[in-house]
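# Observations on chain architecture
Take a look at the letters that make up each chain.
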Amino acid sequence: MAGAVLISNAAGQECSGQCSCPSAPPRCSPGVSLVLDGCGCCRVCAKQMGELCTEKDVCDPHKNLFCDIGAPISRRIGVCTAREGASCVFGGTVYKSGETFQSSCKYQCTCMDGAMGCVPLCSMDIRLPSPDCPMPRRVKVPGKCCEEWECDSPYKDTLLGPALSAFREEETYGPDPKMMRENCLVQTTEWSACSKTCGLGISTRVTNDNHECRLEKQTRLCMVRPCESQMEQSIKKGKKCIRTPRVSKPMKFEISGCTTTKSYRPKFCGVCLDGRCCTPHRTTTLPMEFKCPDGQVMKKHMMFIKSCACHYNCPGENDIFEAMYYKKMTGDTA
């Protein structure tokens with residue numbers, strides 16, 4: 001009886017040739033890709049490892065999963081399975097390619113052909129100062145994994161009496177008197193550091209610079225440097241660093257199989273031979289168009305580097321996730 005129900009559901013999910021999609025795409029869980037369904041009609045949350053799949057309900061292509069229908073060929077329901085790929089080792093445990101696991105209570109990771117990608121499970125929202133909470137900060141709550149916001153007084157008692165705090169965890173632009181609107185003080189945080197030290201990543205900021213004066217998170221793509229670029233070979237004799245090299249030939253950026261419609265000659269941050277790391281110092285944000293194999297055009301914003309700074313304040317291996325969200329870039333013009 002259960003088998004008959006499954007077959008009936010599968011038959012109802014076959015592509016009919018007519019598209020009927022909801023007005024808004026679904027909100028997928030962290031780490032789950034939003035993809036076009038197998039009928040080429042609607043945006044859906046991709047099925048994950050071990051979940052049932054059909055012609056319409058496709059497996060997550062970004063995790064190298066496919067729908068294993070098995071035998072007989074007439075069967076319409078399969079199980080999402082990982083294609084053969086290199087496994088990952090984390091914390092002494094071996095994970096197969098396509099397998100998802102939690103590295104800690106804060107992060108969910110996926111092994112993809114020998115490489116690991118992780119997404120945060122805790123909210124990474126940023127709270128701007130307000131009259132009722134002039135100095136918000138994140139604090140560790142006993143018994144809870146994720147940090148929560150707490151409002152501090154702008155004054156702290158010292159031996160010399162009350163004094164303004166000398167350090168703020170989240171810096172903001174402003175308040176600028178010229179940014180005052182009716183019943184709204186416009187504030188914008190600085191862009192966070194790029195989520196990857198090489199290859200394409202993301203950078204975020206929070207602003208209320210909109211008609212509703214409502215806090216919203218903005219994202220942009222970023223690339224500090226290409227992976228496996230061998231920049232050390234370009235360092236001139238007698239020098240210890242190559243700070244902000246520009247690519248010699250125009251290039252296109254690619255994300256999830258979609259390629260930019262134009263070519264660019266961007267600057268990247270270089271490398272040093274004396275232990276220093278080079279990070280973006282001045283950046284700007286420009287709109288870009290990506291064309292996908294299915295003909296869809298995506299519009300994204302991208303960070304372009306103007307200059308980099310080389311320094312010894314480099315994140316350690318265990319600080320990579322924290323550095324993704326809390327280290328800042330200065331001097332952005334957009």
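Please refer to the structure higher up on the page.
Residues numbered from 1 in each chain as written. Predicted model: local features only at pLDDT ≥ 70, side-chain atom pairs only at ≥ 80, totals over all residues. Heavy atoms only, no water.

Let us now look at the overall build of the protein chain. Scanning the protein chain from terminus to terminus reveals 2 helices and 26 strands. Classification of the 334 residues of the protein chain by burial places 31% in the buried group. Of all intrachain contacts in the protein chain linking residues separated by at least 6 positions in sequence, the fraction that spans at least 24 positions is 48%. Total accessible area computed for the protein chain in this model is approximately 20900 Å², and 53% of it derives from carbon and sulfur atoms. (Helix = DSSP H or I, 4+ residues; strand = E, 2+ residues; numbered from the N terminus. Buried < 20%, exposed > 50% of the residue type's maximum accessible area, 1.4 Å probe, protein only. Contact = heavy atoms within 4.5 Å. Areas by Shrake-Rupley, 256 points an atom, 1.4 Å probe, with all protein chains shown as cover.)

A few words on the sheet that holds strand E9 (residues 107–112). Across the sheet, which stays open at both edges, the 3 strands sit in the order E8-E9-E10 with antiparallel pairing between neighbours. Two strands in the sheet have a free side with no partner beyond their single neighbour: strand E8 (100–104) and strand E10 (115–120). Between one strand axis and the next, the sheet turns by 35° as a mean value, whatever way the strands run. Pairing geometry for E9 and E10, over 6 bridges, is antiparallel. Bridging across to E10, threonine 110 finds its partner in glycine 117. (Pairing = 2+ DSSP bridges. Axes fitted to C-alpha atoms, helices over the stretch in contact; angles between N-to-C directions.)

Read across the sheet, 3 strands follow the order E3-E5-E4 without closing on themselves; strand pairing throughout is antiparallel. Each edge of the open sheet carries a strand with a single partner, namely strand E3 (52–53) and strand E4 (65–68).

Right, let's talk about the environment of aspartate 60 for a bit. Examined against the element boundaries, aspartate 60 turns out to sit in the loop between E3 and E4. For the pair aspartate 60 and alanine 82, spaced 22 residues apart in sequence, the C-alpha to C-alpha distance is 9.5 Å. Sequence-distant contacts of aspartate 60, defined by excluding residues within four places in its chain, comprise Gly31, Val32, Ser33, Ala46, Lys47, Gln48 and Leu65. A polar contact is formed between the side chain of aspartate 60 and the side chain of serine 33, at a distance of 2.9 Å. (Polar contact = N/O pair within 3.5 Å; in protein donor to acceptor, adjacent residues only side chain to side chain.)

Now for the state of the cysteines. Taken as a whole, this structure holds 14 disulfides when the rule is applied. Two residues share a disulfide in this structure: cysteine 28 and cysteine 45, whose sulfurs sit 2.2 Å from each other. Across the S-S bond linking cysteine 28 and cysteine 45, the dihedral sits near -100°, which makes this disulfide left-handed. Here cysteine 28, found in the loop between helix H1 (2–12) and strand E1 (34–36), pairs with cysteine 45, found in strand E2 (residues 43–45); they are 17 residues apart in sequence, far enough to count as distant. Classification of cysteine 45 by relative accessible area gives partly exposed; the value is 28%. One disulfide bridge connects cysteine 88 with cysteine 111, the sulfur atoms lying 2.1 Å from each other. Judged by the torsion about the S-S bond (85°), the cysteine 88/cysteine 111 disulfide is right-handed. Here cysteine 88 is found in strand E6 (residues 88–90), whereas its partner cysteine 111 is found in strand E9, with 23 residues between them in sequence. Of the two residues examined, cysteine 88 and cysteine 111, each falls in the buried class. (Disulfide = S-S within 2.5 Å.)

This paragraph deals with the pattern of salt bridges. Evaluation of the coordinates by the stated rule reveals 4 salt bridges. The closest approach of N and O atoms between glutamate 150 and arginine 137, which form a salt bridge, is 3.0 Å. In this pair, glutamate 150 is assigned in strand E12 (residues 148–152) and arginine 137 in strand E11 (residues 135–139), connecting sequence segments 13 residues apart. Residue class for arginine 137 comes out partly exposed when judged on its relative accessible area of 33%. (Salt bridge = Lys/Arg side-chain N within 4 Å of Asp/Glu carboxyl O.)

Let us look at unusual backbone geometry. Positioned with a positive phi, serine 256 is a non-glycine residue whose angle comes to about 50°. For serine 256, the position within the fold is in the loop between strand E22 (254–255) and strand E23 (258–260).

Now for the environment of methionine 288. Its place among the elements puts methionine 288 in strand E25 (residues 277–291). Taking relative accessible area as the criterion, methionine 288 reaches 3% and is therefore assigned buried. In this structure the C-alpha to C-alpha distance between methionine 288 and histidine 301, which are 13 residues apart in sequence, comes to 5.8 Å. Leave out the neighbours within four places in its chain, and methionine 288 touches Phe253, Thr260, Tyr264, Met298, Lys299, Lys300, Met302 and Phe304.

Here we take up the nonpolar core. If you look at the biggest cluster of nonpolar residues, it comprises 17 residues, and the most contacted ones within it are Leu200, Met223, Phe253, Met288, Phe290, Met302 and Phe304. For this core, the secondary-structure elements that each account for two or more residues are E25 and strand E26 (297–311). Residues in contact with methionine 223, not counting those within four places in the same chain, are Cys194, Gly199, Leu200, Phe253, Phe268, Met302, Met303 and Ile305. Grouped together as the second largest cluster of nonpolar side chains are 9 residues, Cys194, Val224, Cys278 and Ile305 included. (Core = buried A, V, L, I, M, F, W, Y, C linked by side-chain atoms within 4.5 Å.)

With that settled, the discussion passes to the pairing of strand E5 (residues 78–82). As paired strands, E3 and E5 are joined by 2 bridges and run antiparallel to one another. By the bridge assignment for E5, leucine 52 is matched with valine 79. For E4 and E5, the ladder comprises 4 bridges, and the chain directions are antiparallel. Note on E5: the bridge partner recorded for phenylalanine 66 is threonine 81.

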